[in-house]
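The chain contents come next:
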Amino acid sequence: MAARVEVYATQSCPYCHMARGLLARKGVEYELIDVGRDPDKRAQMTQRANGRRTVPQIFIDGVHVGGSDDIHALDRAGKLDPMLGL
């Protein structure tokens, strides 16, 4: 079964685009939560991400996995696909 993936991002963030590109190349559907103009969503992201305020912040099945560098590192280590249910 496919994992539920949530990506907190902004439209202009290059790291957000890189993270979303990785997920797209893997054929993973994700929920995009735009925090660019919504302070309530940004506050929710910061709380869920243990105080991290940078974007993107990515959650897989409710577990915070970090940002773009983090999911690319998980992918290089061969750990991302199992988390995504691929």
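Relevant structure appears above.
Model, not experiment: these values are computed from the prediction.

Q: Give me the lowdown on the pattern of salt bridges, citing residues and values where you can.
A: Oppositely charged side chains are able to pair whenever their charged atoms sit close together. Tallied over the full model, the rule gives 6 salt bridges. Between Asp-81 and Lys-26 there is a salt bridge whose closest N-O contact spans 2.7 Å. Of this pair, Asp-81 sits in helix 4 (residues 80–84) while Lys-26 sits in the loop between helix 1 (14–25) and strand 2 (31–34); the two residues are 55 residues apart in sequence, bridging distant segments of the chain. The salt bridge partner of Asp-70 is Arg-52, with a shortest N-O separation of 3.3 Å. In this pair, Asp-70 sits in helix 3 (residues 68–76) while Arg-52 sits in the loop between helix 2 (39–48) and strand 3 (57–60), placing the two residues 18 residues apart along the sequence. Connected through shared salt-bridge partners, Arg-4, Glu-6, Glu-31 and Arg-48 make up one network.

Q: For the sheet that holds strand 1 (residues 5–9), give the residues involved together with the corresponding values.
A: Read from one edge to the other, the open sheet built from 4 strands follows the order 2-1-3-4, with strand pairing classed as mixed. Of all strands in the sheet, those bounded by a partner on one side alone are strand 2 and strand 4 (63–66). Geometrically, the sheet is characterised by an average inter-axis angle of 25° between neighbouring strands, direction not taken into account. The pairing of strand 1 with strand 2 spans 4 bridges and is parallel. Across the sheet, residue Tyr-8 finds its bridge partner in strand 2, namely Ile-33. Sheet strands touched by helix 2: strand 1, strand 2, strand 3 and strand 4. Its angle to strand 1, the strand with the most contacts, is close to 120°.

Q: Describe the side chain of Arg-20, listing the residues and the values that go with them.
A: Tracing the sequence through the fold places Arg-20 in helix 1. Looking at Arg-20, its side chain comes within polar contact range of the side chain of Tyr-30, at 3.1 Å. Excluding its chain neighbours within four sequence positions, the residues that come into contact with Arg-20 are Val-7, Tyr-30 and Leu-32.

Q: Describe unusual backbone geometry, and please don't skip the residues or the numbers.
A: Cis geometry is found at the peptide bond from Val-55 to Pro-56, where omega equals 0°. Inspection of the secondary structure puts Pro-56 in the loop between helix 2 and strand 3. In this model, Asn-50 sits at a positive phi of 55°, which is unusual for a non-glycine residue. Mapped onto the elements of the fold, Asn-50 is located in the loop between helix 2 and strand 3. Non-glycine residue Asp-61 carries a positive phi angle of around 50°. As for its placement among the helices and strands, Asp-61 is situated in the loop between strand 3 and strand 4.

Quick notes on the rules
Residues numbered from 1 in each chain as written. Predicted model: local features only at pLDDT ≥ 70, side-chain atom pairs only at ≥ 80, totals over all residues. Heavy atoms only, no water. Salt bridge = Lys/Arg side-chain N within 4 Å of Asp/Glu carboxyl O. Helix = DSSP H or I, 4+ residues; strand = E, 2+ residues; numbered from the N terminus. Pairing = 2+ DSSP bridges. Axes fitted to C-alpha atoms, helices over the stretch in contact; angles between N-to-C directions. Contact = heavy atoms within 4.5 Å. Polar contact = N/O pair within 3.5 Å; in protein donor to acceptor, adjacent residues only side chain to side chain.

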